[in-house]
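Understanding the architecture of this molecule
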Amino acid sequence: MSEALSAGLPGPSTDRLGADLRTLEAYTRPDRPYTRRAFSDEDRAARRWLSLEMDAAGLAVTVDAAGNQIGRRAGRHAGTALVIGSHLDTVEAGGRFDGIAGVLAGLEVARVLAVAGQRLAHSLEVINFTCEEPSDFGLSTIGSRAMSGRLDAATASRLRDRQGRSLADAVDSVGGRGSALDTARRTPADVGRYLELHIEQAVSLDRAKVPLGVVTAIAAPSRYRVAIRGRQDHAGGTPMTARRDAVAAAAELVLLVERLARDAGRGMVGTVGVIEARPNMINIVPGEADLLVDFRGIDADAIAETLARFEAGAAELGARRGVAVEWTSLMRESPLSVSPEMVAAAETAARAVGVPWQRLTSGASHDANHMARLCPIGLLFIPCRDGRSHCPEEWAEVDHLATGARVLLELLLRLDRELR
Ligand code: GLV
Ligand code: MN
Ligand code: MN
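The following paragraphs examine the structure supplied in this document. (Residues numbered from 1 in each chain as written. Chains lettered and ligands numbered in written order. Predicted model: local features only at pLDDT ≥ 70, side-chain atom pairs only at ≥ 80, totals over all residues. Heavy atoms only, no water.)

What follows deals with helix α12 (residues 398–418). The terminal C-alpha atoms of α12 lie 30 Å apart, and with 21 residues this matches the ideal 30 Å at 1.5 Å per residue to within 8%. Burial within α12 is extensive, with 15 of its 21 residues counted as buried. (Helix = DSSP H or I, 4+ residues; strand = E, 2+ residues; numbered from the N terminus. Expected span 1.5 Å × (residues − 1). Buried < 20%, exposed > 50% of the residue type's maximum accessible area, 1.4 Å probe, protein only.)

Spelled out as C-alpha cells, the structure:
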C-alpha cells in the first residue's frame, strides 16, 4: 500500500455526515417525502443551510449567474481550481442521497482541511449545482450545463414552464442572474479537475459488498417530447374500427420504447416516464396524448441505432393508426469515457487508504457529464441499498459515505500534488 497523503489528517466524520443527512432530509415538501425540486422553497432553504455550513468550513461562498453555490478555499497559488460537486435538488418523491451524498462529501473534505489547517497548492471549490434533475423547463443539469458553456441567457429566457415563468426567472429565484447566464461559463484554464461522489443507483456494489466504485464511463440521456394527435369521440357511439385513439397509440409507443431498448442490448435502457392524456374522461375516446421518452446508453452505436428505430417506429405507428405522431428531440447527449489517468488516480487513492473498489459504468447521468467539457473528471460511487434510487426508499449507509469521502480527500490531495 503506498503511503496515504491524508494519513496525518482527521478522517471524515460519520457523526457530522449523519447529522447533515438528517438536516437535509427535513427540507422536503411535507406531504411528499423526499421532494426538494429545484427552484422550490425547500431548495432555497437547503441552499441557505449549505451556505452557512460552507462558511463554517472556511469556504468563501458565492453564487454564480446560474445559481450554482460555490464554496472556495483559496490555494497557495492563483489559477486552476480543483472542484468537487454534485446537487441538492431531488426528483419528485425521490431520495435522500442522490446528489446530496456528493455535496456533503465535498463539504466534509473542506471541513477536514479546515480542522487540520491544511492549505492546498490549488484552490478547492465545493459546488452545489443548480437543478441537476429534470426541471419544468424541459431541461436538466442546468447549473453544470451553464458552467460548461452549453446554456446561454437567450435560451434561459425562452424556456418556460406551464405557468409561463422563464428559466431565467427561476434561476434568479435561487440567487443567480438569468439575464447574465453566460457569465457562469468557466474555462479549462480555471478548472483543473472535477470530482464527484455519488450513490451508484444500481445494484452492483451492494450485491458484491464492495464499498467503492470507480466509474469508467457514464451513459447520457437522449430525450424526446412526443405529441400524439388523434380524434376525440364518444366512447359509446364510436365503433372500434372508426377510432383514432391517441392513448391506444401512446400505449403502443410505450411498448415500442421498451422493445427497442431490450432488443438493442449493450446496456441500452428506455423509459416513458410521463404520459398526459386529454381530455382524460372515462366516456371519451382520447384525442390527445403527450409523452416524454428517455433513452440511455454507453455504446454510441447502440444509441444511434435505437434512436433511428424509435423515430421510424413512431412514424409507422402513427400512419397505421391514423393519428399524427410528432416528436421533438429535447436532448441528445453523448456517453462519456472517463480518462484512464483519472480512473488510475482514483484507484491509487482507494488503494492508498485501503478501501476495496471495483470498476463500474454509470447508467445515470451527472453534473460530471458536463464538467468533462472543461477538464478531466473522476466519478466515485458508493453503494445504495438494493440499487434503489429516485424513490423514497433510496438508502445509503453513512459509513459508506464517510469511506467515499476519505477516498475523495486522498484523491484530491494526490491531484493537488500532481497537477501543475
Ligand atoms: C439524473 O438523476 C438522471 O436522470 O440520470
Ligand atoms: Mn437523480
Ligand atoms: Mn444525481
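At this site the manganese ion (ligand 2) is bound by Asp-98 (OD), Glu-133 (OE) and His-390 (NE2), with donor distances of 2.0 to 2.1 Å. Positions of the donor residues of the manganese ion (ligand 2), expressed as sequence spacing, correspond to D-x34-E-x256-H. The class for Asp-98 is buried, based on a relative accessible area of 4%. Exposure remark for His-390: the relative accessible area of 41% places this residue in the partly exposed category. (Donors = N, O, S within 2.8 Å, 3.2 Å for Na, K, Ca; no water.)

Before going further, it helps to spend a moment on the coordination of the manganese ion (ligand 3). The protein atoms that coordinate the manganese ion (ligand 3) are His-87 (NE2), Asp-98 (OD) and His-198 (NE2), at distances of 2.0 to 2.2 Å. Going along the chain, you hit the donors of the manganese ion (ligand 3) in the pattern H-x10-D-x99-H. The metal-metal distance between the manganese ion (ligand 3) and the manganese ion (ligand 2) is 3.7 Å, with Asp-98 coordinating both. Here His-198 lies in strand β5 (residues 191–199) and His-87 lies in the loop between β3 (81–86) and α3 (100–116), a separation of 111 residues in the sequence. In this structure, His-87 and His-198 share a single accessibility class: buried.

Let's shift gears to the side chain of Asp-20. On the secondary structure map, Asp-20 appears in helix α1 (residues 14–25). Among the residues examined, Asp-20 registers a relative accessible area of 4% and is labelled buried. Residues within four places of Asp-20 in sequence aside, it is in contact with Trp-49, Leu-104, Leu-107 and Arg-111. (Contact = heavy atoms within 4.5 Å.)

In the vicinity of ligand 1, the contacting residues are Glu-132, Glu-133, Arg-223, Arg-296, Ala-364, Ser-365 and His-390. The backbone of Ser-365 places a nitrogen or oxygen atom 2.9 Å from an oxygen atom of ligand 1. The contact in question runs from an oxygen atom of ligand 1 to an N or O atom on the side chain of His-390, over 3.0 Å. Coverage of ligand 1 by the protein amounts to 95% of the 190 Å² it exposes when considered alone. Residues belonging to the shell around ligand 1 are distributed by class as follows: one nonpolar, two polar and four charged. (Near = heavy atom within 4 Å. Polar contact = N/O pair within 3.5 Å; in protein donor to acceptor, adjacent residues only side chain to side chain. Areas by Shrake-Rupley, 256 points an atom, 1.4 Å probe, with all protein chains shown as cover. Nonpolar A, V, L, I, M, F, W, Y, C, P; charged D, E, K, R; others polar.)

Cis peptide bonds are those with omega within 30 degrees of zero, and the linkage from Pro-33 to Tyr-34 qualifies with -5°. Note on placement: Tyr-34 falls in the loop between α1 and α2 (41–56). Of note, the amide linkage connecting Arg-278 to Pro-279 takes the cis form, showing an omega dihedral of 5°. Positionally, Pro-279 belongs in the loop between β9 (269–278) and β10 (284–285). Here Cys-131, not a glycine, exhibits a phi torsion of approximately 45°, which is positive. If you trace the backbone, Cys-131 turns up in the loop between β4 (123–128) and α4 (142–147). The phi torsion at Thr-141 lies on the positive side, around 45°, for a residue other than glycine.

Let us look at the pairing of β3. Counting buried residues along β3, six of its six residues qualify, which places the element largely inside the surrounding structure. Burial of β3 is two-sided: the residues Ala-81, Val-83 and Gly-85 facing one way and the residues Leu-82, Ile-84 and Ser-86 facing the other way are all buried. Here β3 runs beside β4; their pairing, made up of six bridges, is parallel. Counted as the bridge partner of Leu-82 is Leu-124 from β4. Since β3 and β4 lie parallel, the crossover through α3 that links them has a hand, and here it is right-handed. Pairing analysis gives four bridges linking β3 to β5, with the strands arranged parallel. Counterpart to Ile-84 in the pairing with β5 is Leu-195. (Pairing = 2+ DSSP bridges. Right-handed = clockwise from strand over helix to strand, strands pointing away.)

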